[in-house]
Amino acid sequence: MRPDVEIRRLDDAVQLRLIGAWQLGEVRPVAADIAHEIGTDPALRRLAYDVSDLTAWDSSLLLFLQDVDRITAQTSIVVDRSSLPPGVQRLEALATAVPPKEVEQAPRATALARLGEAARRFWESIGDYIEFLGEVTQAFGRLLVGKGQFRRADLVELTRQAGADALGIVSLVSFLLGLILAFVGSQQLRQFGATIYVADLVGVAMARDMAALMTAIVMAGRSGAAYAAQLGIMKSNQEIDALTTMGIRPIDYLVVPRMVALCSMLPLLVLYSIFLGIVGGAFAATTVMDVSWTEYWRQTAGAVNLSQVTGGVFKGTVYGALVAFAGCYQGMRAERSSTGVGAAATSAVVTGIVAIIAACGLFQVLFDVLGW
Amino acid sequence: MASGNGVDPHIEVRDLTMAYGSFVLMRDLTFDVNRGDIFFIIGGSGSGKSTMLRHMLGLKAAAKGEIRIDDHLVTTEPERMRDLLQRYGVLYQSGALWSALTLQENIAVPLQEFTELDQAEILRIASLKLALVGLAGFEDYYPAEISGGMQKRAGLARAMALDPEILFVDEPSAGLDPLSSSRLDDLIVELRDSLGATVVIVSHELPSIFGIGTNCVFLDAETKTMLAAGDPRDLRDHSEHPTVRRFLTRGEFDE
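None of these values were measured; they are calculated from a predicted model.

## Let's talk about the interface of chain A and chain B
- The interface is formed by 24 residues belonging to chain A together with 23 residues belonging to chain B.
- Contributions of two or more residues to the side of chain A that touches chain B are made by strand S3 (46-57), helix H2 (59-73), helix H3 (86-97) and helix H12 (338-370) of chain A.
- No other element matches H3 of chain A, which puts 6 residues into the side of chain A that touches chain B.
- When grouped by side-chain class, the residues that make up the side of chain A that touches chain B number 12 nonpolar, 7 polar and 5 charged.

Pasting the structure below:
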């Protein structure tokens, strides 16, 4: 039976007769109707309930009683709850036992104040980055004097993850990148009848920049995000606190091996990527552009020199450090919650890639000045 | 909402064998949880208390035997459990609140999932449940911003969101000081009494067990089966199994 309420007047009292099954999902009477009935009558002193026809109840009834309480609170009417089911009375007592916590409302900040706050926070985050960089540098200092604190097995495992496990994806990306460069170049070069120079273009581009850039971006997505998630979860599990209280520096134990792994594997991956990029370019040139393998190979050997390759490998190493740094920093600074860890992984990839591209731009200028 | 105090099985466990792969954890478990009981699953560490709970919740399939709640078979298939899911609430060991949601949103989730109520009503119910556990005014707080004890209470509020007939509680006292723990016990009893629910608790806290327990089953890791079932105070004083009496007297009982 649908919940209903009958309002009865007896001299200075009003009686609410609750009828039917008061359960969530059933439309219950609106308390405002009662306000209409009693709110205007100054002679009313008491409000009582009659539950003889109440067949069932749950939170729905409690919400209704709350509404009635709210209405009577503004009047001098005394509410008599004694005839309500004992369970209802106890729940009402529980709900009002602890006064609601006053939530202090922060004044709404103006646009200018918010801008200032954002700028201040940005400034602080730079300081935090530098502090973390300092801690990592110190940790490497300790590593160099033989006071490293990480487990060798961890380093081996991390190196395998950052090296051998990444070969598949790096192969695919590098091969396709070489192929794409060859196609893009051939469109232009064909106009001058200089299709063979595709080999120069692919070789030099891969060796100098593209191999390092693409490999680092792949690693930012693979390892950078993984580091941030691993360290973030360790932090929220208090595993990092456990290390600290055991006298193990988390930076030495967790960050250093990750940085070492990425910085040592990226040069190798970059070399591998240069090679596969050239193979990709050769594949495109020989199948579509009527260039033979030997011609392509001879042309490439003439165009690519060692200093270009070492430059690329050097850049790759720096990118590796940036990716590992971004991943570890975000992980160590993650908030202790599932969203915090997610945000850390995202930030690790984003800041990692931005740092790689920024560094790449810087290297162009620097290498130009140095004539490398 | 009425609670019968007579013997009226609410959960029936019949000939249950719990196993991980070929490793048998417990076998030959047969007992009833009666309507209105505060039922404890007790046993030493590693005896399979929490696994027992996972079986009752349909999170793990029985190797043999069956569990029925209100004559509905408990299975691990979510579609077939949907009816049952609305009838029970679970308070997990650490609260298991969703950290990305505020307390109010946490409690709103089951209501949005299982009822057709409009959003304003759902939020009011969520506030009411928070008030019931003494957290009025904490609606917009995130789980990370409140203490462990408060997280447990908020978890209890979420477990009660749908006015469940059965409340499952995993280690209510884990991580709480004795005072908070006993307050949580009182709260559970109070809610059981006023809502007329059945409560199933996994615990090895003796003060809790003797304080609020009305019925229990004792799981023994050594013999891989249940040794006893019944009123915990009765078992402490009269059980024929020395293991049970030793456990319930913290080893002070000797044959």
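## Examining the sheet that holds strand S1 (residues 9-20) of chain B
Residue and element names in this part refer to chain B.
- In spatial order, the strands read S2-S1-S4-S5; together these 4 strands make up an open sheet with antiparallel pairing. Across the chains shown, the open sheet's two edge strands, defined by having one partner strand only, are strand S2 (23-34) and strand S5 (72-73).
- On the sheet, helix H1 (residues 49-56) packs against S1, S2 and strand S4 (64-69) and is oriented at approximately 120° with respect to S1.

## A word on the packing of helix H7 (residues 198-236) of chain A against helix H11 (residues 306-332) of chain A
All names here are of chain A.
- The geometry of H7 relative to H11 is characterised by a closest axis approach of 7 Å and an angle of 15° between their N-to-C directions. The orientation of H7 relative to H11 falls into the category roughly parallel. Of the two possible hands of crossing, H7 and H11 adopt the one that is right-handed.
- Looking at the contact of H7 with H11 residue by residue, the classes come out as 18 nonpolar, 13 polar and 4 charged.

## Side note on the sheet that holds strand S2 (residues 13-22) of chain A
Residue and element names in this part refer to chain A.
- Spatially, the 4 strands line up as an open sheet ordered S1-S2-S3-S4, and their pairing is mixed. The sheet is open, and its two borders are formed by strand S1 (4-10) and strand S4 (78-80), each paired with just one other strand. This sheet shows a mean twist of 20° between the axes of neighbouring strands, independent of strand direction.
- Relative to S2, S1 runs antiparallel, the two being bridged by 7 bridges. By the bridge assignment for S2, Ile-7 is matched with Leu-16.
- Against the sheet, H2 contacts S2, S3 and S4, and its axis sits at roughly 160° relative to S2.

## Observations regarding the environment of Gln-138 of chain A
All names here are of chain A.
- With respect to the secondary-structure elements, Gln-138 resides in helix H4 (residues 111-144).
- For Gln-138, a count of 13 C-beta atoms within 10 Å gives the class partly exposed.
- For the pair Gln-138 and Asp-252, spaced 114 residues apart in sequence, the C-alpha separation works out to 9.1 Å.

The rules behind these values
Residues numbered from 1 in each chain as written. Chains lettered and ligands numbered in written order. Predicted model: local features only at pLDDT ≥ 70, side-chain atom pairs only at ≥ 80, totals over all residues. Contact = placed C-beta atoms within 7 Å. Helix = DSSP H or I, 4+ residues; strand = E, 2+ residues; numbered from the N terminus. Nonpolar A, V, L, I, M, F, W, Y, C, P; charged D, E, K, R; others polar. Pairing = 2+ DSSP bridges. Axes fitted to C-alpha atoms, helices over the stretch in contact; angles between N-to-C directions. Parallel < 35°, antiparallel > 145°, perpendicular 65-115°, else oblique. Left-handed = near helix turned anticlockwise from the far one by under 90°. Buried ≥ 20, exposed ≤ 12 C-beta atoms within 10 Å, placed from the backbone.

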